[in-house]
Amino acid sequence: MADIVIIGGGHAGIEAAAAAARMGMECVLVTLDGRRIGAMSCNPSIGGLAKGQIVREIDALGGVMAGAADACGIQFRMLNTGKGPAVRALRAQEDSALYCAYMRRLVLRQERLTLVQGCATDVLAAAGRVRGVRLRDGSEIPARAVIVTAGTFLRGLMHTGPDRTPGGRAGEEPASELSESLGRLGLERGRLKTGTPARLDGRTIDFTRLDAQHGDEPPRPFSHATARLARRQVPCHITYTNERTHDVIRRNLGRSPLYGGAITGIGPRYCPSIEDKVVKFPGRDRHQIYLEPEGRRTHRVYPNGISTSLPRDVQEEIVASIEGLERAKIEQWGYAIEYDFFPPIQIRPTFETKAVEGLYLAGQVCGTSGYEEAAGQGLLAGINAVLKLRGAEPCILGRDEAYLGVLADDLCVLSPAEPYRMFTSSAEFRLLLRHDNADLRLLRRGAALGLQPREAEERVEAKRRAVADALDALANTRREGKNLLSVLRRPEVGLRSLCGDVPALAALAPDVFEEVEIEGKYAGYIERQRRDVERLARGERKRLPPDFDYASVAGMRREAREKLARVKPYSVGQARRIAGVRPADVAVLLVALKAGGRGAEEEE
């Protein structure tokens, strides 16, 4: 018998399995193809705006994505360096084959983790409690908890023009029985769609006519544990669609399964197909295409920006119309994929389902998009499954603590009807949730969970002290009657210019120096956000009974009762964020709780 079975070997499944096993549980990872663990089904990159912050948070908590990205990266760039620190984020191009091999080795070498290659067809449950998993060959794996991280494989159906192929991604079969099994357990299903562009042979691309985009020198790693990155970086290139491209697409819209009605799933608003871009933005005369190499030992190139499900002959015509790609050879056709998901209103902030105790969902099955969002969910699901089996308090991150806290809260409350993607604008306290301070925010949590070694915690605590000491030195040193902290807040002043007044600053480690500059220069804004957090904290700390009968609350509007009963919010603060619930409804709720002797419980 296993403690925990994880279904799916993608980014969510890897994090869930690795975390749970490292926390001492006997785990089984079930995947269709053991060779494709950690496969980068879409673009060969990790990070980006808001996503880069998530990778840093995964790393601070003790997850594995950041270390893999550092080990397998071929280009590293910090985005938005000309803007404020709240929106800066790291993005890395990855060697996709190397990344997959790295993750497979990690899984195979992990103690207390067994890899089973097979198709999970049923989640077994009795009396509302999960009890294991059945495979297609009829064998069963008893377990105390099950985490489903099946990605796009649940009744996956791929579209390229009129051709429809059952599959979870190119070359792999779907997992249709599992979706039916979850439906029988009482979970409501929906249908989503995503897509991917054709892959090109880089030897047939004329890069000399295109703008190259190089990585940063020196490159910065994702993981706090990576001391430095010493390797040759590979450039990406930029090209654009044009009116000829758009004419090809407009002429063939009737052959598109997206516009012909063959696809019924809802696609991602912020990562549309090239057909969608041409139709929805008719005034745009071109759209950018970012040519991403898939590795050092392959010629394959990912043309980010022209995702499509149009027929093969149309894809050839589209590619040939683009500057630099006129003679490009297509190695793999683009396609759209429809798949089942389970609206996340059915999960708790721990990612445990409300319908079945011990059953967790994470990743694209919760209606999200992106490797990073999936990995973060998998990590939290794995951690919380372990904590529940131990009888310990759950790990629920606040919106002021992490982008992962924003993600979990948004999923439970908003229950997106389209693939959810994280943006910096999603976080109301984004100046507190910066790329640079993820270790200071979350590594203590990772250490308390047993996912970070003592030396990592000691290193971060030393960084915390060094930052505090440097800020004190600035506050206690004066220039022209003003302390240097107030001088630093001037737009034209950088911390480097103050090293003459405080020589110790020049000896600071680069990450400490950056932290001191940001904390000092933006101190007023940061303090304002911290006050906002304190003002809202009381509602966040007030937990609501999971079995409360909202239908019995007199004086509350019917819409509010229905929304609260459906969402079953974790806290008063979460109840306030439900669309259709007004402040007056929350006030009535608090009165009803108090009258019934079930006042909202204050968290410690």
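Up top is the structure these notes are about.
Everything numeric in this text was worked out from a predicted model, so none of it was measured.

Cut-off values and rules
- Residues numbered from 1 in each chain as written.
- Predicted model: local features only at pLDDT ≥ 70, side-chain atom pairs only at ≥ 80, totals over all residues.
- Heavy atoms only, no water.
- Phe/Tyr/Trp six-rings, centres within 6.5 Å; stacked < 30°, edge-to-face > 60°.
- Buried < 20%, exposed > 50% of the residue type's maximum accessible area, 1.4 Å probe, protein only.
- Lys NZ or Arg CZ within 6 Å of the ring centre and 35° of its normal.
- Pairing = 2+ DSSP bridges.
- Helix = DSSP H or I, 4+ residues; strand = E, 2+ residues; numbered from the N terminus.
- Expected span 1.5 Å × (residues − 1).
- Axes fitted to C-alpha atoms, helices over the stretch in contact; angles between N-to-C directions.
- Parallel < 35°, antiparallel > 145°, perpendicular 65-115°, else oblique.
- Contact = heavy atoms within 4.5 Å.
- Nonpolar A, V, L, I, M, F, W, Y, C, P; charged D, E, K, R; others polar.
- Salt bridge = Lys/Arg side-chain N within 4 Å of Asp/Glu carboxyl O.
- Disulfide = S-S within 2.5 Å.

Under the definition given, this model contains one aromatic pair. Here the aromatic rings of F548 and Y550 are separated by 5.0 Å at their centres, their planes lie at 75°, and the arrangement is edge-to-face. A relative accessible area of 3% places Y550 in the buried class. For R496, the ring lying beneath its charged end belongs to F513, and the centroid distance is 4.1 Å.

Let's shift gears to the pairing of strand 11 (residues 163–166). Pairing of strand 10 (residues 157–160) with strand 11 involves four bridges; the strand directions are antiparallel. By the bridge assignment for strand 11, H159 is matched with R164. Between strand 10 and strand 11, which pair antiparallel one after the other, the connecting turn spans two residues, and G161 there sits at a positive phi close to 60°.

Looking now at helix 10 (residues 371–390). Between its terminal C-alpha atoms helix 10 stretches 29 Å, which fits the 28 Å expected from 20 residues at 1.5 Å a residue. The buried fraction of helix 10 amounts to 18 of the 20 residues, a majority that puts the element mostly inside the structure. Following helix 10 by one or two positions, G391 adopts a phi angle in the positive range, close to 75°.

Attention now goes to the packing of helix 10 against helix 11 (residues 403–414). Two elements in contact, helix 10 and helix 11, have axes whose closest approach is 10 Å; the angle formed by their N-to-C orientations is 85°. Compared by their axis directions, helix 10 and helix 11 come out roughly perpendicular. Residues E373, G376, Q377 and L380 of helix 10 pack against L404, L407 and L411 of helix 11. A class-by-class count of the residues in the contact of helix 10 with helix 11 yields four nonpolar, two polar and one charged.

Before going further, it helps to spend a moment on unusual backbone geometry. Peptide bonds are mostly trans, and most non-glycine residues show a negative phi. In this model, E217 is joined to P218 through a cis peptide bond whose omega is -5°. Its place among the elements puts P218 in the loop between strand 14 (211–213) and strand 15 (236–240). Notably, N80 is not glycine yet its phi reads approximately 60°, a positive angle. Examined against the element boundaries, N80 turns out to sit in the loop between strand 4 (73–79) and strand 5 (89–94). Take N80: its relative accessible area is 23%, and that puts it in the partly exposed class.

It is worth spelling out the side chain of S369 at this point. With respect to the element layout, S369 can be found in the loop between strand 20 (359–361) and helix 10. Excluding its chain neighbours within four sequence positions, the residues that come into contact with S369 are K51, P419, Y420 and R421.

With that out of the way, let us pick up the pattern of salt bridges. Summed over the entire model, instances satisfying the criterion amount to 52 salt bridges. Among the ionic pairs, D340 bridges to R191, the shortest N-O distance being 2.9 Å. Pair noted here: D340 is in strand 19 (residues 335–341) and R191 is in strand 12 (residues 190–196), with a separation of 149 residues, a long-range link. R255 serves as the salt-bridge partner of D313, at 3.0 Å between the closest nitrogen and oxygen.

A covalent bond bridging the sulfur atoms of two cysteines is what the word disulfide describes. For the structure shown, the criterion picks out zero disulfides. Of all cysteine sulfurs in the structure, the one in C72 sits closest to C100, which takes part in no disulfide; the separation is 9.8 Å.

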